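The primary structure of each chain is shown beneath.
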Amino acid sequence: MNNCTFYTKSIDEKSTIQNSGVTLEAELMQFSTSKDTNLVLGSMAYYGFIEEIWEVDYTKVSRSSFQV
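Residues numbered from 1 in each chain as written. Predicted model: local features only at pLDDT ≥ 70, side-chain atom pairs only at ≥ 80, totals over all residues. Heavy atoms only, no water.

1. A short note on the overall build of the protein
Secondary structure summary: the protein contains 1 helix and 4 strands in total. Secondary structure elements of the protein occur, N-terminal to C-terminal, as α-β-β-β-β. Going through the 68 residues of the protein one by one, you find that 7% of them count as buried. In the protein, 29% of the contacts between residues at least 6 apart in sequence involve partners at least 24 apart. Of the roughly 6600 Å² of accessible surface on the protein, a fraction of 55% belongs to carbon and sulfur atoms. (Helix = DSSP H or I, 4+ residues; strand = E, 2+ residues; numbered from the N terminus. Buried < 20%, exposed > 50% of the residue type's maximum accessible area, 1.4 Å probe, protein only. Contact = heavy atoms within 4.5 Å. Areas by Shrake-Rupley, 256 points an atom, 1.4 Å probe, with all protein chains shown as cover.)

Shown next, in the form of structure tokens:
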């Protein structure tokens, strides 16, 4: 994806090169404290590992199709 190669965690466990870890930073509305009533825009990082890689093929009845 975007000229990068990714592997699943199970493949990484057999290799000397690890490339299954991913991170995503999401912006969300949240309260700064439990007593606060004003929402603020905050960011939170999520970390994980790739466990499966899927290729999705969107094919229409017409002549066009694309893959993700």
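2. A word on the packing of aromatic side chains
Applying the stated rule across the entire model yields 0 aromatic pairs. Across from the ring centre of Phe-49, 4.3 Å away, lies the NZ or CZ of Lys-9, which sits over that ring. (Phe/Tyr/Trp six-rings, centres within 6.5 Å; stacked < 30°, edge-to-face > 60°. Lys NZ or Arg CZ within 6 Å of the ring centre and 35° of its normal.)

3. Here we look at the environment of Ala-45
Relative to the helices and strands, Ala-45 is located in strand S2 (residues 39–49). Leaving out residues up to four positions away in the same chain, Ala-45 has contacts with Leu-24 and Glu-25.

4. Observations regarding a nonpolar patch on the surface
Residues Met-29, Phe-31, Leu-39 and Leu-41 make up a contiguous nonpolar surface patch of roughly 430 Å² in combined accessible area. Elements with a minimum of two residues in the nonpolar patch: strand S1 (21–31) and S2. (Patch = residues over 30% accessible without salt bridge, like charges linked within 9 Å, V, L, I, M, F, W, Y side chains within 5 Å. Salt bridge = Lys/Arg side-chain N within 4 Å of Asp/Glu carboxyl O.)

5. As for the environment of Gln-18
In this fold, Gln-18 is placed in the loop between helix H1 (9–12) and S1. Separated by 10 residues in the primary sequence, Gln-18 and Thr-8 place their C-alpha atoms 9.3 Å from one another.

6. Remarks on the confidence of the model for the protein
For residues with low pLDDT, the predicted coordinates do not support detailed interpretation. Confidence along the protein averages 78 in pLDDT terms, with 82% of residues attaining 70 or more. Averaged pLDDT values over the elements of the protein bottom out at 60 in strand S4 (residues 65–67) and peak at 86 in S2. (pLDDT = per-residue confidence, 0-100.)

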